[in-house]
Amino acid sequence: MSQPRSGDAPDLSIPEAVDLYLRRKRTDWKGETERTYRRNLGDFEEYAEENEIETLEDLTRWNVGAFSEYLLDKDYSRVTVAGRQSTARTWLKYLEGQGLVPLGYHLAIETLKLSRDEETSDQQLAPEDAKELLSFYRGSAEWRGTRQHAVLEVLWHVGCRMSGLRALDLDDYDPETGDLKFRNRPETDTRLKRGKVHERNVTLSETPQDVLDLYIARERIDKRDEHGRKPLFTTRQGRPADGTIRGYMYVATQPCMAGECPHGKRRPNCEFVPRKSASRCPSTRSPHPIRRGSITWQRNLGFDKETVAGRSGATTDVIERFYDDPDLADELQRRREETGRLDIEEHLHPTDFMEDDSE
């Protein structure tokens, strides 16, 4: 039987307990560790909010253990799930040591066992990999405009969630302008994550629009879903399930489609090439890592957080904490335009960098 919470320990809210841990442990960390921990623990905060777990007093071994099921239901790779589990265990173990929760609560979270390839897998589709893949599809007479190419173009250039892409109807795309309309329709089984809050219009640039036009003209199966709606992306049964879209992207992001295999295999006899096995390839990506890579790429291009948030269907806080994950070189490039002009003889005060609007 676990020991009760210490009598003099405060009953912190879940966000307060996360902030306490980050504040006290940050002196032990270097580089981007704090950002990683905050992003990972953000999933536990969301889980707690959805399940009305307001304070540490509301935690039980049962609902702590159910956090793993919550992660597995999300569109995360196995390595991402394992990372979130590990961070939550470490956080809970710290809280136990402070007398804030009963001893042993961290043991309720059993982490996934990963293969060596899974442990070294990146958690986003890198921009350079996306460029190589999309350049291949665009230049291929066989693959240009196929379903997997069109889905990859939209996911990458919008940065939308898989649920948003699945919710698109044929009429939500305007071929004259290249605009896509994301609408919340829970009554017919296509709810956006935050409902009407995530409704928005976005526009595609010329080449992604051309690819989508080609897909509609040549590849799209003219089917209605069970509610009589015409999905933009279809299967022979109608609107694709989440697992179907995930399968498209595992196949579409196989690196051997566009170049040499980074794992020393040959495509003709690789066991990961068939669609049913594509998810086992260490370099393939599901929609969520594609979304993360897209958001980071858009920020690297110089788009502000508000613009990217409005396009991808997220808040600026969520983008900063969970999605925008540039490497150190990209972070420097973002600052270069301003800090590259920094010089003591010219700049003595922050206002020196402000433009003179008096003229």
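Running from N to C, helix α7 (residues 127-139) and helix α8 (residues 147-158) point in directions that differ by 145 degrees, and their axes come no closer than 11 Å. Seen along the crossing, α7 lies across α8 with a hand that is left-handed. For the pair formed by α7 and α8, the contact residues are Pro127, Ala130, Leu133, Leu134, Tyr137 and Arg138 on the first element and Gln148, His149, Leu152, Glu153, Trp156 and His157 on the second. Counted by class, the contact of α7 with α8 contains seven nonpolar, three polar and two charged residues.

With respect to topology, three strands assemble into an open sheet ordered β1-β2-β3, the strand pairing being antiparallel. Pairing within the sheet leaves two strands with one partner each, and these edge strands are β1 (173-174) and β3 (200-203). Where β1 meets strand β2 (residues 179-182), two bridges bridge the pair, whose relative direction is antiparallel. Along β2, the bridge assignment pairs Tyr173 with Leu180.

Along the chain, Arg138 turns up in helix α7. The class for Arg138 is partly exposed, based on a relative accessible area of 29%. Between the C-alpha atoms of Arg138 and Glu153, which are 15 residues apart in sequence, the distance is 9.8 Å.

By the secondary structure assignment, Arg84 is in helix α5 (residues 78-97). Its relative accessible area of 5% is what places Arg84 among the buried residues. Here Asp43 takes part through its side chain, which lies 2.7 Å from a polar atom of the side chain of Arg84.

Where like charges cluster on the molecular surface, the negative patch consists of Asp11, Glu52, Glu54 and Asp58. The residue Glu52 is located in the loop between α2 (33-50) and α3 (61-65) in this model.

A few words on the pattern of salt bridges. In total, this model carries 13 salt bridges according to the counting rule given. Of the charged contacts, one joins Glu153 and Arg138 as a salt bridge, the two residues approaching to 2.8 Å between their closest N and O atoms. Of this pair, Glu153 sits in helix α8 while Arg138 sits in helix α7, placing them 15 residues apart in sequence. The partner of Arg239 in a salt bridge is Asp225, with the nearest N and O atoms 2.9 Å apart. Linking Arg239 in the loop between α10 (206-219) and α11 (242-252) with Asp225 in the loop between α10 and α11, this pair joins segments that are 14 residues apart in sequence. In terms of burial, Arg239 and Asp225 fall into one category: buried. Residues participating in the shared-partner salt-bridge network are Asp169, Asp172, Arg185, Asp225, Arg229 and Arg239.

Turning to the nonpolar core, a few remarks are in order. By size, the foremost hydrophobic cluster in this structure holds 34 residues, and its most contacted members are Leu180, Leu212 and Phe233. Elements supplying a minimum of two residues to this core: α7, α8, α9 (162-167), β2, α10 and α11. By residue number, the principal contributor to this core is α8, which donates seven residues. Those residues in contact with Leu180 that sit more than four places away from it in its chain are Val154, Val158, Leu168, Asp172, Tyr173, Arg200, Asn201, Val202, Leu204, Leu212 and Leu232. Core analysis: the second largest hydrophobic core is formed by 31 residues, Ala9, Leu20, Val64 and Tyr70 among them.

With respect to the helices, strands and loops of the structure, Arg220 is situated in the loop between α10 and α11. For Arg220, the side chain forms a polar contact with the main-chain oxygen of Leu232, separated by 3.4 Å. Sequence-distant contacts of Arg220, that is, excluding residues within four places in its chain, are made with Leu170, Tyr215, Lys230, Pro231, Leu232 and Thr234.

Calculation rules
- Residues numbered from 1 in each chain as written.
- Predicted model: local features only at pLDDT ≥ 70, side-chain atom pairs only at ≥ 80, totals over all residues.
- Heavy atoms only, no water.
- Axes fitted to C-alpha atoms, helices over the stretch in contact; angles between N-to-C directions.
- Helix = DSSP H or I, 4+ residues; strand = E, 2+ residues; numbered from the N terminus.
- Left-handed = near helix turned anticlockwise from the far one by under 90°.
- Contact = heavy atoms within 4.5 Å.
- Nonpolar A, V, L, I, M, F, W, Y, C, P; charged D, E, K, R; others polar.
- Pairing = 2+ DSSP bridges.
- Buried < 20%, exposed > 50% of the residue type's maximum accessible area, 1.4 Å probe, protein only.
- Polar contact = N/O pair within 3.5 Å; in protein donor to acceptor, adjacent residues only side chain to side chain.
- Patch = residues over 30% accessible without salt bridge, like charges linked within 9 Å, V, L, I, M, F, W, Y side chains within 5 Å.
- Areas by Shrake-Rupley, 256 points an atom, 1.4 Å probe, with all protein chains shown as cover.
- Salt bridge = Lys/Arg side-chain N within 4 Å of Asp/Glu carboxyl O.
- Lys, Arg positive; Asp, Glu negative; His and termini not counted.
- Charge placed at Lys NZ, Arg CZ, Asp CG, Glu CD.
- Core = buried A, V, L, I, M, F, W, Y, C linked by side-chain atoms within 4.5 Å.

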